[in-house]
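Reading the structure
Each chain, written out:
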Amino acid sequence: MKKKQLGHSGIQVPILCLGGNVFGWTVDERRSFELLDALLESGLNFVDTADTYSSWVPGNHGGESETIIGKWFKARGNRSKVILATKVGMSMGEGKKGLSRNYIRQAVEDSLKRLQTDYVDLYQSHRDDESTPQEETLGIYAELIREGKVRAIGASSFTAARLESALELSRKFNLPRYETLQPEYNLYTRSGYEGAIEETCVKHGLGVIPYYSLASGFLSGKYRSVEETASRPRAAALKRYFTKRGMRIVKCLDKLACEVNAGSAQVALAWLMARPSITAPIASATTLAQLHELVKATQLALPESAIEELNLASTEMAAA
């Protein structure tokens, strides 16, 4: 399995990351264990989650995904075989949110307890917190790294300006720097990443692990109309993709999938993995069949002509 480094952290990861957002939401504990077992058997070992997953589900409070992963670690005794990424900063209710020193100190201990481990490989600021000085946030991260509770830090959904600011503070005050960025990026949603944010990541050698790599499943090609998504858990998120441009992308994926004898999801992920600035796209699976599709994507090398076709079909300059 091909591997890349997370920024300058020294941490090597496979070129695809399994999203843990579905654990405790659309996937129960038993199926989660099956998916995680199959992930390791396939040669992949990079898993991304967050403390807030899956607080949006009625009856949940956040921490469900981390709890399931922690139970799996304990049952299998395989923590050292997995590169684990989690996040802090989004609301956990009762005022528990943000990137202040005191809150991060509390949140990391809560995550470690749920995960049944004493360290996190990649600890990420889930969302920027402009009410907290960035040097305060980086300062508590420095403490956690010294204590061995965190190996490296990353950011998610930061603007280029705020990311540059954080990196400059790290340099100026000899604090740990964000080694990764987790932006929203896929064939449909391109402009938010391509440009200033991508330039910042390349300039500073950051690893990039984009989320929504398959646009909530839209780029898998299994949905052909808004009506088909009505009963799906991600129905609300999927609606925005059913535009003229969205269907043009799906049609192009259909064509190329036939040409390279692969699934549309594989082609969409291969397009992402072919971009030099991308380290490992994040994609989730709810069935073993879907997981196997993700694994196959890591083995697919698209010809340059196919990449250009997808670039053209997905350009945001064209009519939406």
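A brief look at the structure comes next. What you see is a predicted model; the values in this text were computed from it and never measured.

Procedures and definitions
Residues numbered from 1 in each chain as written. Predicted model: local features only at pLDDT ≥ 70, side-chain atom pairs only at ≥ 80, totals over all residues. Heavy atoms only, no water. Salt bridge = Lys/Arg side-chain N within 4 Å of Asp/Glu carboxyl O. Helix = DSSP H or I, 4+ residues; strand = E, 2+ residues; numbered from the N terminus. Buried < 20%, exposed > 50% of the residue type's maximum accessible area, 1.4 Å probe, protein only. Phe/Tyr/Trp six-rings, centres within 6.5 Å; stacked < 30°, edge-to-face > 60°. Lys NZ or Arg CZ within 6 Å of the ring centre and 35° of its normal. Pairing = 2+ DSSP bridges. Expected span 1.5 Å × (residues − 1). Contact = heavy atoms within 4.5 Å. Core = buried A, V, L, I, M, F, W, Y, C linked by side-chain atoms within 4.5 Å. Disulfide = S-S within 2.5 Å. Axes fitted to C-alpha atoms, helices over the stretch in contact; angles between N-to-C directions. Parallel < 35°, antiparallel > 145°, perpendicular 65-115°, else oblique. Nonpolar A, V, L, I, M, F, W, Y, C, P; charged D, E, K, R; others polar. Right-handed = clockwise from strand over helix to strand, strands pointing away.

Quick notes on the pattern of salt bridges
Scanning the model with the defined rule gives 24 salt bridges in all. Close ionic contact of aspartate 128 with arginine 162 constitutes a salt bridge, the shortest N to O distance being 2.6 Å. A residue pair is termed long-range when its members are at least 10 positions apart, and aspartate 128 in the loop between β6 (120–125) and α4 (134–146) and arginine 162 in helix α5 (residues 160–173) qualify at 34 residues. Its salt-bridge partner being glutamate 194, residue arginine 190 comes within 2.8 Å of it at the nearest N-O pair. Residue class for glutamate 194 comes out partly exposed when judged on its relative accessible area of 22%. Each of Arg101, Arg105, Glu109, Glu143, Glu147 and Lys149 takes part in salt bridges that share partners, so that together they form one network.

Notes on the packing of aromatic side chains
Centre-to-centre distance and the angle between the planes together describe a pair of aromatic rings. All told, the structure shown has 12 aromatic pairs when counted by the stated rule. Seen in terms of ring centroids, tyrosine 123 and tyrosine 141 are 6.0 Å apart; in terms of plane orientation they differ by 80 degrees. Their pairing is edge-to-face. Of this pair, tyrosine 123 sits in strand β6 while tyrosine 141 is found in helix α4, placing the two residues 18 residues apart along the sequence. The buried category is assigned to tyrosine 141, whose relative accessible area is 0%. For the ring pair tyrosine 211 and tyrosine 212, a centre distance of 5.1 Å and an interplane angle of 70 degrees mean the geometry is edge-to-face. Three or more aromatic residues joined by ring pairs make a cluster, and in this case those are Tyr123, Tyr141, Phe158 and Tyr178. The aromatic ring of tyrosine 119 is capped on one face by arginine 79, whose charged end is 4.0 Å from the ring centroid. For the cation-ring pair, arginine 245 lies above tyrosine 188, with the distance from its terminal atom to the ring centre recorded as 4.2 Å.

Quick word on the sheet that holds strand β7 (residues 150–156)
Spatially, the eight strands line up as an open sheet ordered β9-β8-β7-β6-β5-β4-β3-β10, and their pairing is parallel. Because the sheet does not close on itself, it has two edges, and the strands there are β9 (207–208) and β10 (282–283). Bridge count between strand β3 (residues 17–19) and strand β4 (residues 46–48): two bridges; the pairing is parallel. In the sheet register, glycine 19 faces β4, and the bridge partner there is aspartate 48.

Examining α4
Its 13 residues place the ends of α4 18 Å apart at the C-alpha level, agreeing with the 18 Å of an ideal helix rising 1.5 Å per residue. Every buried residue belonging to α4 is among Gln134, Thr137, Leu138, Ile140, Tyr141, Ala142, Glu143 and Leu144, and all of these are buried. Among the structural elements, β5 (83–88), α3 (101–115), β6, β7, α5 and β8 (178–182) are those in contact with the buried residues of α4. Phi turns positive one or two residues past the end of α4, at glycine 148, with a value near 80 degrees.

Quick word on the nonpolar core
By size, the foremost hydrophobic cluster in this structure holds 91 residues, and its most contacted members are Tyr123 and Tyr141. Counting residues per element, this core draws most heavily on helix α9 (residues 264–273), which supplies eight residues. Each residue touching tyrosine 123, except ones within four places of it in the same chain, is listed here: Thr86, Lys87, Val88, Ile104, Ala107, Val108, Tyr141, Leu144, Val150, Ala152, Ile153 and Gly154.

As for the state of the cysteines
Counted by the stated rule, this structure contains zero disulfides. As a non-bridged cysteine, cysteine 201 has cysteine 17 as the owner of its nearest cysteine sulfur, 16 Å distant. No disulfide involves cysteine 252; its sulfur sits 12 Å from the nearest other cysteine sulfur, which is in cysteine 258. For cysteine 252, a relative accessible area of 10% corresponds to the buried category.

Focus on unusual backbone geometry
In this chain, tyrosine 53 is followed by serine 54 through a cis amide linkage whose omega measures 0 degrees. Secondary-structure assignment places serine 54 in the loop between β4 and α2 (64–76). Unlike most non-glycine residues, tyrosine 212 shows phi in positive territory, near 55 degrees. If you trace the backbone, tyrosine 212 turns up in the loop between β9 and α7 (235–238).

Thoughts on the packing of α5 against helix α6 (residues 196–204)
Following both chains from N to C, one finds α5 and α6 inclined at 20 degrees, their axes separated by 9 Å at the closest point. One way to sum up the angle between α5 and α6 is to call them roughly parallel. Each of Ala160, Leu163, Glu164 and Leu167 in α5 lies in contact with α6, whose residues at this interface are Ala196, Ile197, Thr200, Cys201, Lys203 and His204. Grouping the amino acids of the contact of α5 with α6 by side-chain chemistry returns six nonpolar, two polar and two charged.

Description of the pairing of β7
Where burial is concerned, most of β7 is hidden: six out of the seven residues are buried. When β6 meets β7, the two strands line up parallel, connected through five bridges. Across the sheet, serine 125 pairs through a bridge with alanine 155, a residue of β7. Where β7 and β8 come together, four bridges link them in parallel fashion. Of the residues in β8, the one forming a bridge with glycine 154 is threonine 180. Read as a crossover between parallel neighbours, the route from β7 over α5 to β8 is right-handed.

Coordinates in, geometry out; function isn't part of it.
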